[in-house]
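Given next are the chains, with one letter for each unit.
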Amino acid sequence: MTVLDSIARRGEVTIRDLSKSFTLNGRRLDVLRGIDLHVPGGEVLAIVGPSGCGKTTLLRVLAGLEEPDRGDVLIDGAPVHGIGRQRAVIFQEPRLLPWLTVTENVAFGLEMRGIDRATATEQARHWVRLVGLAGFEAAYPRQLSGGMAQRVGIARALTVQPEILLLDEPLGALDAMTKLTMQEELARIWREQGVTMILVTHDLEEAIFLADRVLVLSKDSGTPPRVIDLHLPRPRDRSASGFVALRRQLMAAFGLH
Amino acid sequence: MTLQSLDTPDFATPPARAILARAGQGARRATARYGLLLGFLALWQVGSSVGWINATVFPPLHLILGALWEGLSSGALLDDIAISLQRSGLAFAAAVGLGIPLGLFMGQIRAVEQALDPILQVFRQTSALALYPVFILLLGLGELSKVFVIFWATLFPVLLATIGGVKEVDRKLIEMARSYGATRRAVFLRVVLPAALPSIFVGLRLSATTALLLLIAAEMIGANRGLGFQVMNAQYNFQIPLMFAAIFLLALFGLAANFALVSVQRRLCRWADAG
Ligand SMILES: Nc1ncnc2c1ncn2[C@@H]1O[C@H](COP(=O)(O)OP(=O)(O)O)[C@@H](O)[C@H]1O
Ligand SMILES: [Mg+2]
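Residues numbered from 1 in each chain as written. Chains lettered and ligands numbered in written order. Predicted model: local features only at pLDDT ≥ 70, side-chain atom pairs only at ≥ 80, totals over all residues. Heavy atoms only, no water.

Bringing the overall build of chain B into the picture now. Each helix and strand in chain B was counted, giving eleven helices and zero strands. Moving toward the C terminus, one meets the helices and strands of chain B in the order α-α-α-α-α-α-α-α-α-α-α. Principal-axis analysis of the C-alpha atoms places the extent of chain B at approximately 70 × 65 × 30 Å. Of all 275 residues assigned to chain B, the portion counted as buried reaches 41%. The long-range fraction of contacts in chain B, counting pairs at least 24 apart against all pairs at least 6 apart in sequence, stands at 71%. Across chain B, the centroid of the 21 positively charged side chains sits 9 Å from that of the 13 negatively charged ones. (Helix = DSSP H or I, 4+ residues; strand = E, 2+ residues; numbered from the N terminus. Buried < 20%, exposed > 50% of the residue type's maximum accessible area, 1.4 Å probe, protein only. Contact = heavy atoms within 4.5 Å. Lys, Arg positive; Asp, Glu negative; His and termini not counted. Charge placed at Lys NZ, Arg CZ, Asp CG, Glu CD.)

This is the structure in structure tokens:
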């Protein structure tokens, strides 16, 4: 692989024939069935689908928190098993350590990756400012609002400078106004960092606002997953006619008029 | 290392006015908190002096304080205090030294916890007092059996609280740490231990109280010194003020131990009461 090649492939995710099932009360539950997917480096892929269709499971397999029964996950062309430095996960709950301050929480990921505390803190400060939390460096998680706490979680993930950000309904628990602001924030972060983002969401508008493509998973085994290319210019405007039309079209496809 | 990371430097020293205001506030809070206790003591003093309550069973406070002063200044009670604190202290230290490490271990390894839990429950439910004769048979009537019976009763609160604290650590936080590549050691030091700390302190406080409570029982048999012995002995010799003096001392040590532990907890778990 040449140098150019490896740069071009940074953040690329390939899924080959991925299957995963769980046993629940003695019954086998096929959650993911032979999924194939290619996400080029730097793309934003949204994953949507009804509750229980396996969105979180797919993301957890990608994160390496769950082993697939069959199939491979390839990052930048190489198969991966378990967690790895190329990926960082942002969970629905911020999952902050209550006994650490904002800065210490943001530095935590770096410290776990073997960076010494002073350097980690230094870098954490930068990202705390970047997600708009300047002035709250010494605050504890219980002193933060839901939106602020999620920003800390996002900063913690960005601080380790992953090629791929895996987000599981990161804004799902936020109120409508905060959610809009945070969507803008995620769009900005993506633009500035050039990371690959794989975003699980139950909010179609959020998917259209952020994604290049949308992966639609279904719950019944008869319907295979499909990928919808959005082809919308950026920056996106929720009230632009193209946006509105696309939303209507997708809503209709989901039977939500 | 973990302990240090829990501890952030203080913010700037507040100006004098703020300190005064806080002192005033503190006084008000103290009245709200201890007013009832003071009222109770006043009622005791007056009631006993006037004769509302039986003064031979509840002597007035000044007689109790007199007996206390006499015991302390003559040095007679100092001996009892020293030996009692030594017994309780040794037992408490041993219970903490065994209970916390064992609890941290048991709380993390499910198989160990499940295997040991039934025997632990049986031991816990078997009163230390009921086992005291057995301990005496095994260890003799000397110091060892006394310290051991206190140790036995003191072990379970801290052990069970530590196990509980570790078991209740949010799995999602552990998973978060793992997703950043945390080693088992890092997960333990940076997530499990700090998360279990408040629960461990609850156990420590209960254990400290137990260590003092058990003195009475431990010094009931085969002792000729100690605060617990003094309570029994003074009662036997009808020196009721001296009996109450020893009881007050025991209560005082209980309060002091609790206060010390709460202060340490406040320092280590500052995050928990950050408003
Ligand atoms: N660890 C697990 N054990 C058993 N069943 C699971 C487990 N994780 C997920 N499931 C099941 O798999 C299905 C898909 O779950 P999930 O991926 O969380 O769905 P989604 O995120 O799309 O709502 C659900 O029916 C869920 O009950
Ligand atoms: Mg989910």
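Residues and elements named next belong to chain A. For ligand 1, the full set of nearby residues is Phe22, Leu24, Leu29, Val31, Pro50, Ser51, Gly52, Cys53, Gly54, Lys55, Thr56 and Thr57. Interatomic distance of 2.7 Å between a backbone N/O atom of Gly52 and an oxygen atom of ligand 1. Gly54 places a main-chain nitrogen or oxygen 3.1 Å from an oxygen atom of ligand 1. Calculation on ligand 1 without its partners gives an accessible area of 560 Å², and the protein chains cover 65% of this total. (Near = heavy atom within 4 Å. Polar contact = N/O pair within 3.5 Å; in protein donor to acceptor, adjacent residues only side chain to side chain. Areas by Shrake-Rupley, 256 points an atom, 1.4 Å probe, with all protein chains shown as cover.)

Before going further, it helps to spend a moment on the domain arrangement of chain B. How large an interface is tends to be reported as the accessible area lost when its parts come together. Residue and element names in this part refer to chain B. The domain architecture assigned to chain B consists of domain 1 (3-50) and domain 2 (61-268). In this structure, domain 1 and domain 2 have C-alpha centres spaced 27 Å apart. Taken residue by residue, the interface counts six residues in domain 1 and nine residues in domain 2. Between domain 1 and domain 2 lies a buried interface of about 760 Å² when both sides are counted; carbon and sulfur atoms form 63% of it. Summed over the shared surface of domain 1 and domain 2, the result is zero salt bridges. On the surface where domain 1 and domain 2 come into contact, there are two residue pairs in polar contact (both at pLDDT 80 or more). Looking at the side of domain 1 that touches domain 2 residue by residue, the class counts come to four nonpolar, one polar and one charged. (Domains from an automatic or database assignment. Buried area = accessible area lost by both parts, 1.4 Å probe. Salt bridge = Lys/Arg side-chain N within 4 Å of Asp/Glu carboxyl O. Nonpolar A, V, L, I, M, F, W, Y, C, P; charged D, E, K, R; others polar.)

With that settled, consider the nonpolar core. Formed by 114 residues in total, the largest nonpolar core has its most connected members in Leu58(A), Leu165(A), Ile198(A) and Val191(B). Here the element with the most residues in this core is helix α9 (residues 184-218) of chain B; it accounts for twelve residues. Val191(B) has contacts with Leu97(A), Trp99(A), Phe108(A), Val169(B), Leu173(B), Ile174(B), Ala177(B) and Ala186(B), leaving out every residue within four places of it along the chain. Listed in part, the 42 residues of the second largest apolar core include Met106(B), Ala128(B), Leu214(B) and Ala217(B). (Core = buried A, V, L, I, M, F, W, Y, C linked by side-chain atoms within 4.5 Å.)

This paragraph deals with the interface of chain B and chain A. Contact residues are listed per partner, giving 25 residues for chain B and 27 residues for chain A. Summing both sides of the interface, chain B and chain A together bury roughly 2,500 Å²; the carbon and sulfur share of this comes to 61%. Of all residues in chain B, Tyr180(B), Arg190(B) and Trp271(B) give up the largest surface area on contact with chain A, accounting jointly for 32% of the area buried on that side. Counting every contact that joins chain B to chain A gives four salt bridges. Linking Glu175(B) and Arg95(A) is a salt bridge whose minimum nitrogen-to-oxygen distance equals 2.8 Å. Where chain B touches chain A, the interface holds eight residue pairs in polar contact (both at pLDDT 80 or more). Those elements giving two or more residues to the side of chain B that touches chain A turn out to be α8 (171-179) and α9 of chain B. Here the element with the most residues in the side of chain B that touches chain A is α8(B); it accounts for seven residues. Along the lines of polarity and charge, the residues of the side of chain B that touches chain A split into 15 nonpolar, five polar and five charged.

Quick look at the UniProt feature "transmembrane region" (unreviewed entry) in chain B now. Feature annotation in UniProt assigns "transmembrane region" (unreviewed entry) to the following positions: residues 36-69, 89-107, 119-141, 147-166, 187-218 and 238-261 of chain B. Between the C-alpha atoms that bound residues 36-69 of chain B the distance is 25 Å, and the span itself is 71% helix and 0% strand. (UniProt positions renumbered as here; feature names shortened; annotations may be inferred.)

Glancing now at the packing of aromatic side chains. Residues and elements named next belong to chain B. On inspection of all chains with the given rule, the structure shows twelve aromatic pairs over all chains. Ring centres of Phe40 and Trp44 lie 6.1 Å apart, and the angle between their planes is 75°; on these two criteria the pair is classed as edge-to-face. Note that Phe40 and Trp44 are positioned in helix α2 (residues 16-50) at a spacing of four residues, about one turn of the helix. Judged by its relative accessible area of 9%, Trp44 is buried. Ring centres 6.3 Å apart and planes at 35° place the aromatic pair Phe148 and Trp152 in the tilted group. On the criterion of helical spacing, the pair formed by Phe148 and Trp152 is a turn pair, its members being four residues apart in helix α7 (residues 143-167). (Phe/Tyr/Trp six-rings, centres within 6.5 Å; stacked < 30°, edge-to-face > 60°.)

Time to look at the pairing of strand β4 (residues 70-75) of chain A. The side chains of a regular strand alternate, residue by residue, between the two faces of the sheet. Residues and elements named next belong to chain A. Of the strand pairs in this sheet, strand β1 (residues 13-24) and β4 are connected by five bridges, and their pairing is antiparallel. The residue of β4 that forms the bridge with Thr14 is Leu74. For β4 and strand β5 (residues 78-79), the ladder comprises two bridges, and the chain directions are antiparallel. Residue pairing across strands places Leu74 opposite Pro79, the latter belonging to β5. In this antiparallel pair of consecutive strands, β4 and β5, the connection spans two residues, and Asp76 shows a positive phi of 50°. (Pairing = 2+ DSSP bridges.)

A few words on helix α3 (residues 61-74) of chain B. All names here are of chain B. Relative to the 20 Å expected for 14 residues at 1.5 Å per residue, α3 spans 20 Å between its end C-alpha atoms, a close match to the ideal helical length. Among the residues of α3, those classed as buried are Leu61, Ile64, Ala67, Leu68 and Gly71. For α3, the angular spread of the buried residues around the axis is 125°, confining them to a single face. In α3, the exposed positions angled more than 90 degrees off the buried face are occupied by Leu65, Trp69, Glu70 and Ser74. Looking one or two residues past α3, Gly75 carries a phi angle of roughly 85°, positive in sign. (Expected span 1.5 Å × (residues − 1). Arc of directions from axis to C-beta.)

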